[in-house]
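# Geometric and topological summary
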Amino acid sequence: MRLLTLVLTTAVALLGCLDSGGGGDAGTAGASSGSGGASGSGGMNGTGGTSGSGGNAGSGGTSSGSGGTAGSGGTSGSGGTSGSGGSAGASGSGGISGSGGTAGSGAISGSGGTGGTSGTGGSAGSGGSSGVGGSCLSAGSYCTWSNAEDCCSGSCDGDSCCGFLGDACPNGHGCCSGSCINGYCQCPAGTLDCGNGCTDIEWNDNNCGACGVQCGVNALCENSQCICDPNLFDPQFYERCDDGCYNTRSDDQHCGDCDTVCAGGTECNGGVCECPYGTLDCGSGCIDITANPQHCGMCNNGCDNATEDCVNYQCQCKAGLTVCTAGVCTDRQTDRNHCGTCNNGCMGNKVCRGGACVNP
């Protein structure tokens, strides 16, 4: 009985020692500063004893440039409940968060200290909005004479910008020349830009089918084709040539066809170049055989230039002369063989003077 009492007393004493051997309270954190105070170490537990409570983590220092360092958790006794990790000190704005306390060895892991909230970085400055590049007013946009230079074409017709050929016309209208087709100012079908805006090429005698194509005389443009005027006299005799329409039966420059030109005084007659009436081609062109003393009445029939003229295809004596001998013209005022009249000869040494035989 006494022995049993001694054993119980000893056990109670040991338990009392173990209870008193608990870890001391963590040292009070140091005064507010950049780092938190270190926590006190937990006391060593007796074997199988209740683990000592981990020391309370030191309070984080007052907010400053860097967050306070978390207090280290107390070491747990073997098999004992681990001490709670010290709370991390509150970080300063943008500061580094405190690190959580270390869990006791073999103990149930204590919760790590809550990291300090990191400082929010300053919002990046918004880049300035880029300025809108200068733009011109497209064809069809409203304008006045005073701001015509704002039009892309530089032209304003009084109330809207006027686009030239090739300019964009996003508004569907507003072309100075032509029409807005597929978003651009273009010449409509049946017209072409001939240098001064869109020009009709379907019924235009000076631009027929293409710019600069002239139909010429006696011709007109019909559906972009040059044709001979159907209202001409005897239109069936007219032929379409490069420079117009011509009657190839009578036109000296287009005789028989578009290319034959009558030369040497010839004329176009029935589509053939011929010498006109009263002339013959004597080798150098048409010659008037009615009065030419070299070709009188026919080619190479010459008259005596001293006494004859060619009159009505014939060689005739000049004025004041008479034919007394075949083919010979005589001046009866001076001829001794035909003095005054044909065959009236002067006798002796007389001479014919004034149509009479007289002494010399």
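Scroll up for the structure.
Being a predicted model, the structure only gives us computed values, none of them experimental. (Residues numbered from 1 in each chain as written. Predicted model: local features only at pLDDT ≥ 70, side-chain atom pairs only at ≥ 80, totals over all residues. Heavy atoms only, no water.)

## Digging into the overall build of the protein
- Each helix and strand counted, the protein has one helix and 18 strands in total.
- The buried share of the protein, taken over its 360 residues, is 29%.
- Total accessible area on the protein is roughly 21300 Å²; 50% of this is exposed by carbon and sulfur atoms. (Helix = DSSP H or I, 4+ residues; strand = E, 2+ residues; numbered from the N terminus. Buried < 20%, exposed > 50% of the residue type's maximum accessible area, 1.4 Å probe, protein only. Areas by Shrake-Rupley, 256 points an atom, 1.4 Å probe, with all protein chains shown as cover.)

## Points about the packing of aromatic side chains
- Applying the stated criterion across every chain yields a total of zero aromatic pairs.
- Seen from the ring of phenylalanine 237, arginine 249 lies directly overhead, with NZ or CZ sitting 4.7 Å from the centre. (Phe/Tyr/Trp six-rings, centres within 6.5 Å; stacked < 30°, edge-to-face > 60°. Lys NZ or Arg CZ within 6 Å of the ring centre and 35° of its normal.)

## A look at the pattern of salt bridges
- On inspection of all chains with the given rule, the structure shows one salt bridge.
- One salt bridge connects aspartate 309 with lysine 318, and the closest N-O pair in it is separated by 2.8 Å.
- Exposure remark for aspartate 309: the relative accessible area of 34% places this residue in the partly exposed category.
- Overall, lysine 318 belongs to the partly exposed group, its relative accessible area being 24%. (Salt bridge = Lys/Arg side-chain N within 4 Å of Asp/Glu carboxyl O.)

## A short note on the pairing of strand S5 (residues 219-222)
- Of the two faces of S5, only one is covered, namely that formed by Ala219 and Cys221; the face formed by Leu220 and Glu222 stays uncovered.
- Pairing of S5 with strand S6 (residues 225-228) involves four bridges; the strand directions are antiparallel. In the strand pairing of S6, glutamate 222 is matched with glutamine 225.
- From the end of S5 to the start of S6, which pair antiparallel, there are two residues, and asparagine 223 there has a positive phi angle of about 55°. (Pairing = 2+ DSSP bridges.)

## A word on the pairing of strand S15 (residues 322-325)
- As paired strands, S15 and strand S16 (residues 328-330) are joined by three bridges and run antiparallel to one another. Across the sheet, threonine 322 pairs through a bridge with threonine 330, a residue of S16.

## Notes on the state of the cysteines
- Scanning all chains against the criterion turns up 22 disulfides.
- One disulfide in the model links cysteine 208 with cysteine 221; its S-S distance is 2.1 Å. Here cysteine 208 and cysteine 221 share a disulfide; its torsion about the S-S bond, 80°, makes the bridge right-handed. Of this pair, cysteine 208 sits in the loop between strand S4 (198-200) and S5 while cysteine 221 sits in strand S5; the two residues are 13 residues apart in sequence, bridging distant segments of the chain. There is no split in this pair, since cysteine 208 and cysteine 221 are both buried. (Disulfide = S-S within 2.5 Å.)

## A closer look at the nonpolar core
- Cys208, Cys215, Ala219, Cys221, Cys226 and Cys245 form the largest nonpolar core, which has six residues in total.
- Not counting the four nearest positions on each side in its chain, cysteine 226 is found in contact with Cys208, Gln214, Cys215, Leu220, Cys221 and Arg240.
- In this structure, Cys143, Ala148, Cys156 and Cys161 belong to the second largest nonpolar core, which totals five residues. (Core = buried A, V, L, I, M, F, W, Y, C linked by side-chain atoms within 4.5 Å. Contact = heavy atoms within 4.5 Å.)

## Section: a negative patch on the surface
- On the surface, Glu239, Asp242, Asp243 and Asp259 cluster together into a patch of negative charge.
- Mapped onto the elements of the fold, aspartate 243 is located in the loop between strand S7 (238-241) and strand S8 (244-247). (Patch = residues over 30% accessible without salt bridge, like charges linked within 9 Å, V, L, I, M, F, W, Y side chains within 5 Å. Lys, Arg positive; Asp, Glu negative; His and termini not counted. Charge placed at Lys NZ, Arg CZ, Asp CG, Glu CD.)

## A look at the side chain of threonine 279
- Here threonine 279 is to be found in strand S11 (residues 279-281).
- One polar contact links the side chain of threonine 279 to the main-chain carbonyl oxygen of proline 276, over a distance of 2.7 Å.
- Setting aside its immediate chain neighbours within four residues, threonine 279 contacts Cys286, Ile287, Asp288 and Ile289. (Polar contact = N/O pair within 3.5 Å; in protein donor to acceptor, adjacent residues only side chain to side chain.)

## Quick word on the environment of histidine 254
- Mapped onto the fold, histidine 254 is located in the loop between S8 and strand S9 (267-269).
- For the pair formed by histidine 254 and cysteine 241, sequence separation is 13 residues and the distance between their alpha carbons is 8.8 Å.
- With residues up to four places along the chain from it excluded, the contact list for histidine 254 reads Cys241, Asp243, Tyr246, Asn247, Thr248 and Thr260.
- A distance of 3.1 Å separates the side chain of histidine 254 from the side chain of aspartate 251, its partner in a polar contact.

## Quick word on unusual backbone geometry
- One non-glycine residue, serine 224, lies in positive phi territory at about 70°.
- Despite not being glycine, asparagine 312 shows a phi value in the positive range, around 50°.
- For asparagine 312, the location among the structural elements is in the loop between strand S13 (308-311) and strand S14 (314-317).
- Of the residues examined, asparagine 312 reaches a relative accessible area of 60% and is grouped as exposed.

## Some words on the environment of valine 311
- Among the secondary structure elements, valine 311 is positioned in strand S13.
- Valine 311 has contacts with Thr290, Cys296 and Gln316, leaving out every residue within four places of it along the chain.

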